[in-house]
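Here is what each chain is made of, one letter per residue.
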Protein chains: 2
Amino acid sequence: MSRIKRVTAQDVAEAAGVSRAAVSRTLSNNGYVSPAVRARVQAAADKLGYRVNYLARGLNQQRSDIVGVVVADIDSSFRACQIRHLTETLLQYNYRPLLIPTGEKRDCSQVIDMLMHYSVSGVIITSDTPPAEIYTNCIEHQVPVILINKADQHPKVDRVLCDNAKGMELLLDYYQRHHCQRLVLVTTAGNSYSIREREHLFSRQVSMPYEVIRVARHDYQGGVEAGQKVLELTGQPDGILCLNDYLAIGVIDVLKASLSKQVLANIRITGFDDMAQAGWLNYQLTTVHQSCESLAATAVKLLQRRISHPQATEVAEVIDVILVERDGGQ
Amino acid sequence: MSRIKRVTAQDVAEAAGVSRAAVSRTLSNNGYVSPAVRARVQAAADKLGYRVNYLARGLNQQRSDIVGVVVADIDSSFRACQIRHLTETLLQYNYRPLLIPTGEKRDCSQVIDMLMHYSVSGVIITSDTPPAEIYTNCIEHQVPVILINKADQHPKVDRVLCDNAKGMELLLDYYQRHHCQRLVLVTTAGNSYSIREREHLFSRQVSMPYEVIRVARHDYQGGVEAGQKVLELTGQPDGILCLNDYLAIGVIDVLKASLSKQVLANIRITGFDDMAQAGWLNYQLTTVHQSCESLAATAVKLLQRRISHPQATEVAEVIDVILVERDGGQ
DNA sequence: TTGTATGCGTTATCAG
DNA sequence: CTGATAACGCATACAA
């Protein structure tokens, strides 16, 4: 195989008339090197267009600066937003995001196993139900793990969580302020942490009578199914609290198709997450906003902390939320 | 620095009582090795839980099996779908997707440069306006480049394209079949290849009088802006051909808010791409469907081809499209 | 068919 | 402060 000519540290060293070691020390800012040599090395490196080979460095240092980003449902709006900010932030801090989508089919534990053999610097998990195998695998290889919106508590595994409690409080306060009499909770049967947690908080904090509609999926289709169940109720509720925006939007679409504008105007529907579509004219959904930016920033901050202090006790940082009141498209 | 104990080929070799070379040959299926030895090596490798170190292999082979996926607007629905299928397909074929989001701010050429130093096996670009620098950089390093829905034609750079021509034909045929008299084209002023190409094809193939509404952005906001301009027209058109689904949905939302159901029912609005929201009850958008699955499959197929035949002449594969007729939510 | 020896490009250690 | 040298873990030409 014909090997491609690359600019190597050796080349720079020769051009600058110094040793490889001096080059390494200069460019990694690690170790003593005289200003004179430093200048010569810099000049030579720039002229030759030298950049370190990350593979070689990774092999040597046992860490590649690659960060595995494990995520389910990439094509759901909110997740896509998370991914975008996570990858942007990682790059900004000189990590490289290796994206691992986890479908139902794919055996993601195998993929995770693969990650270990890249000497990844860390793994950020946004998947809904990460197999326990991931932890054992990562811990065994001493790879930092950051969990986003996950229940699981593990030693040395940091987490960043959306403030579901505050969000639910804001929503319930919203319904109370508007003197809602008959509330319906739309939730799902799946094992998504966010949904489970919000449902739990709801039932603990709610102080008015309510009914529950439970559907299988937590996406738009689930919302449609929920909307149909709403129509089957005897009489209309005046409040429908949906545990995420997709559910709310599905409900809205079904109700809009079957109910008059007047009737609909008296039903307050809310969501959770504030994904892009919540702001669309047709929905103008009142919902709880969680910032993907600060979520990403916090995740990467925790990752860096754990990389430099592998033995620190685990922490769980909570991301603030706010209520976004919209007029429901009226 | 305390180094983590890893299972290395040497360990396997000792456990199996053979040389490192025999282990390498067995596991990479490259070179001759007797069945007996092969079995012993396999057994030892399994028992010890050995997996090759991709960094070391990459350093040696000058290719890391990492594939850079460069993409703008991750959080747009259709792009997210592309990403999902691209990454899934890449993993399926034993590549690892390194995700590079390109914003307006970020200087992505720097990031691309970084990719080169991972000895990436290839780069797949879905960004709308990839800087020319990318090509020169990749070609210089002899890294395969696959372009998705891009105009740029470069030697040794393969492309996969959506069949915009057929799509436009289907749409115009649709309007003709329904005896549309007054058509409005909604397009943008940006330099997105898909939009530009579709607009060009439209003007070449259209055989009825039409008006043009041009907005700045090609996202939902652009659609809203377009919708407002539609309302300013003297009299309503009976057809609005939008060059992507986002534009169409924005237009629909504005018109729904201002026009009566009856008037709206006489306006045929169409999009392009068939993103998830096009199928939502509220929109039921007639649009041109392009399959992200086959797009991803084709991209990876071309990538593999170029990896094994770096000097092959470039090709452009076209992905078939179909018209998805929906009732517009009536 | 197998083992030996060498290179891949860095960084870290240890003399000088 | 600097330069030789040994890892890092793998693949492969070459010799046996």
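Residues numbered from 1 in each chain as written. Chains lettered and ligands numbered in written order. Predicted model: local features only at pLDDT ≥ 70, side-chain atom pairs only at ≥ 80, totals over all residues. Heavy atoms only, no water.

Please give an account of the protein's contact with DNA strand C that cites residues and values.
Taken together, 28 residues lie around DNA strand C, and A:Ala9, A:Asn60, B:Ser34, B:Val37 and B:Asn60 are the ones closest in. For DNA strand C, the backbone makes up 62% of the atoms found within 4 Å of the protein, where backbone means sugar plus phosphate. A:Asn53 places a polar main-chain atom, nitrogen or oxygen, 3.3 Å from a phosphate oxygen of DNA strand C. Within the backbone of B:Ser34, a nitrogen or oxygen atom sits 2.4 Å from a phosphate oxygen of DNA strand C. Per-class residue counts for the surface near DNA strand C are twelve nonpolar, nine polar and seven charged. (Near = heavy atom within 4 Å. Polar contact = N/O pair within 3.5 Å; in protein donor to acceptor, adjacent residues only side chain to side chain. Nonpolar A, V, L, I, M, F, W, Y, C, P; charged D, E, K, R; others polar.)

I'd love a proper account of the pairing of strand S8 (residues 239-242) of chain B, names of residues and values included.
Residue and element names in this part refer to chain B. Residue alternation in S8 divides its side chains into two sets, Gly239 and Leu241 and Ile240 and Cys242, and both sets are buried. The pairing of strand S6 (residues 183-188) with S8 spans four bridges and is classified as parallel. Paired with Leu183 across the strands is Gly239, a residue of S8. Examined bridge by bridge, S8 and strand S9 (residues 268-270) share three bridges and lie parallel to one another. (Buried < 20%, exposed > 50% of the residue type's maximum accessible area, 1.4 Å probe, protein only. Helix = DSSP H or I, 4+ residues; strand = E, 2+ residues; numbered from the N terminus. Pairing = 2+ DSSP bridges.)

Which residues make up the interface of chain A and chain B, and what are the values?
Counting from both sides, the interface comprises 56 residues of chain A and, opposite them, 55 residues of chain B. Contact with chain B buries area across many residues of chain A, yet A:Leu55, A:His117 and A:Trp280 alone supply 14% of it, more than any other trio. At the junction of chain A with chain B, the criterion picks out four salt bridges. In this structure, the salt-bridge partner of B:Asp75 is A:Arg84, at a minimum N-O distance of 2.7 Å. Taken together, the links from chain A to chain B amount to 21 residue pairs in polar contact (both at pLDDT 80 or more). For the side of chain A that touches chain B, the secondary structure elements donating two or more residues are helix H4 (54-61), helix H5 (77-92), strand S2 (96-101), helix H6 (108-116), helix H10 (220-232) and helix H11 (245-258) of chain A. Residue contributions to the side of chain A that touches chain B peak at eight residues, all from H5(A). Of the residues contributing to the side of chain A that touches chain B, the split by class is 30 nonpolar, 15 polar and eleven charged. (Contact = heavy atoms within 4.5 Å. Buried area = accessible area lost by both parts, 1.4 Å probe. Salt bridge = Lys/Arg side-chain N within 4 Å of Asp/Glu carboxyl O.)

Give a description of the sheet that holds strand S6 (residues 183-188) of chain A that names residues and reports values.
All names here are of chain A. Spatial strand order, S7-S6-S8-S9: four strands in an open sheet with parallel pairing. One side of each edge strand has no neighbouring strand; the edge strands of this open sheet are strand S7 (210-215) and strand S9 (268-270). The mean angle between the axes of side-by-side strands here comes to 15°, regardless of whether they run parallel or antiparallel. Sheet topology note: the S6/S7 ladder contains six bridges and is parallel. (Axes fitted to C-alpha atoms, helices over the stretch in contact; angles between N-to-C directions.)

Run through the nonpolar core, naming residues and quoting values.
In terms of nonpolar packing, the biggest core is built from 75 residues, with A:Leu115, A:Tyr118, A:Val123, B:Leu115, B:Tyr118 and B:Val123 touching the most fellow members. With near-sequence residues (within four places) excluded, B:Tyr118 lies in contact with A:Tyr54, A:Leu55, A:Ser64, A:Asp65, A:Ile66, A:Arg96, B:Ser64, B:Ile66 and B:Leu98. Counting residues in each nonpolar core, the second largest holds 60 residues, with A:Cys81, A:Leu247, B:Val186 and B:Ile269 among its members. (Core = buried A, V, L, I, M, F, W, Y, C linked by side-chain atoms within 4.5 Å.)

On their own, these measurements won't tell you what the molecule is for.
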